[in-house]
Amino acid sequence: MTERRELRIWRGEGGEGAFASYLVEAEDGEVVLDLVHRLQATQAPDLAVRWNCKAGKCGSCSAEVNGRPRLLCMTRLSALPPDQPVVLTPLRAFPSVRDLVTDVGFNYAKAREVPAFVPPPGLAPGEYRMQQEDVARSQEFRKCIECFLCQDTCHAVRDHEENLAAFAGPRFLMRVAELDLHPLDAAAETGLDRARSAQEVHGLGYCNITKCCTEVCPEHIRITDNALIPLKERAADRKYDPLVWLGAKIGLRSGKTTP
Ligand code: SF4
Ligand code: SF4
Ligand code: FES
């Protein structure tokens, strides 16, 4: 069945702009990105929107639909109120470039601030072995498609621009948690306590576990429950007993590595 839906899209550049309304044909089963493409093809060829895979895997079509951070390619029209316009705005937490496109460079800068995996001494690539339970634990975090919807929705970034310098945001705190749990990561032997650095360098203390990041994650990663809360607990434990942490880390690695 074909119907006409109203799209209300924020249009402008560099933060200056206004909403424009369009009536666009829609077919059963379509997603918001289908309508945006039809709009570009028929009425607004200069509309700026970022997308790539149209399969929920590249993370580039992030925007806000009716005020909620979402992937345009994974948001079915049937999930939105049929009698109301579909309101599309760019990610609010990041600087506007044009129309629905934002500058997400903040996230790449934060990614670079997280120290990389430290290879275990004495093992060459190809000789690494991990227990399946350790693989499974980090597998959830590695489903991340870097859409940055969690970063956009976190109030510590969204409502407090002044926090940007000191807060990495949920996606990158999750990365710290992943590396902290990695049984082969040798950061501890270089003197880096990843959980404490989450607190002291990456702003974990700004997170008050509201779980908004978890609610918008299109990969259904339990960011708060499985990454941030345990990371807070480990940071607190190690602050008061760093020797126990170092011993446990070294013991964990040798104990969980199989030949
Ligand atoms: S749980 Fe923490 S990181 Fe996630 S949205 Fe809330 S404050 Fe931000
Ligand atoms: S954790 Fe989820 S919401 Fe955040 S960037 Fe990754 S996939 Fe997107
Ligand atoms: S276009 Fe790739 S996630 Fe939407």
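Here is a short report on the structure shown in this document. (Residues numbered from 1 in each chain as written. Chains lettered and ligands numbered in written order. Predicted model: local features only at pLDDT ≥ 70, side-chain atom pairs only at ≥ 80, totals over all residues.)

### What about the overall build of the chain?
The following threshold applies: For helices the rule is a DSSP run of H or I covering at least 4 residues; for strands it is a run of E covering at least 2, with both sets numbered from the N terminus onward. Note on burial: count the other C-beta atoms lying within 10 Å of the residue's C-beta; 20 or more is buried, 12 or fewer is exposed, in between is partly exposed, and C-beta positions come from the backbone. Residues are scored as being in contact if the C-beta atoms we place from backbone atoms lie within 7 Å.
Each helix and strand counted, the chain has ten helices and seven strands in total. Across its three principal axes, the chain shows a C-alpha extent of roughly 65 × 40 × 30 Å. For the chain, the proportion of its 259 residues judged to be buried stands at 34%. Of the contacts made within the chain by residues no fewer than 6 positions apart, 64% connect residues no fewer than 24 positions apart.

### Here we look at the site of ligand 2
Selection criterion: Any residue whose backbone-placed C-beta atom lies within 6 Å of a molecule or strand is treated as near that molecule or strand. Residues are sorted three ways: Asp, Glu, Lys and Arg are charged, Ala, Val, Leu, Ile, Met, Phe, Trp, Tyr, Cys and Pro are nonpolar, and all the rest, Gly among them, are polar.
As a structural note, the neighbourhood of ligand 2 is formed by 14 residues, with C144, C147, L149, C150 and C217 the closest of them. By residue class, the composition of the shell around ligand 2 is eleven nonpolar, no polar and three charged.

### Some thoughts on the nonpolar core
Convention followed: Buried Ala, Val, Leu, Ile, Met, Phe, Trp, Tyr and Cys residues whose C-beta atoms connect them within 7 Å together make up a nonpolar core. Domain delimitation in this document rests on an assignment produced automatically or drawn from a domain database.
In this structure, C150, L173, I223, A227 and L231 are the most contacted members of the largest nonpolar core, which totals 53 residues. Considering each element in turn, this core owes the most residues, seven residues, to helix 6 (residues 170-181). Residue assignment places this core across two domains, with domain 1 (2-102) and domain 2 (105-256) each supplying three or more.

Everything listed here is a matter of coordinates, which is why it stays silent on function.
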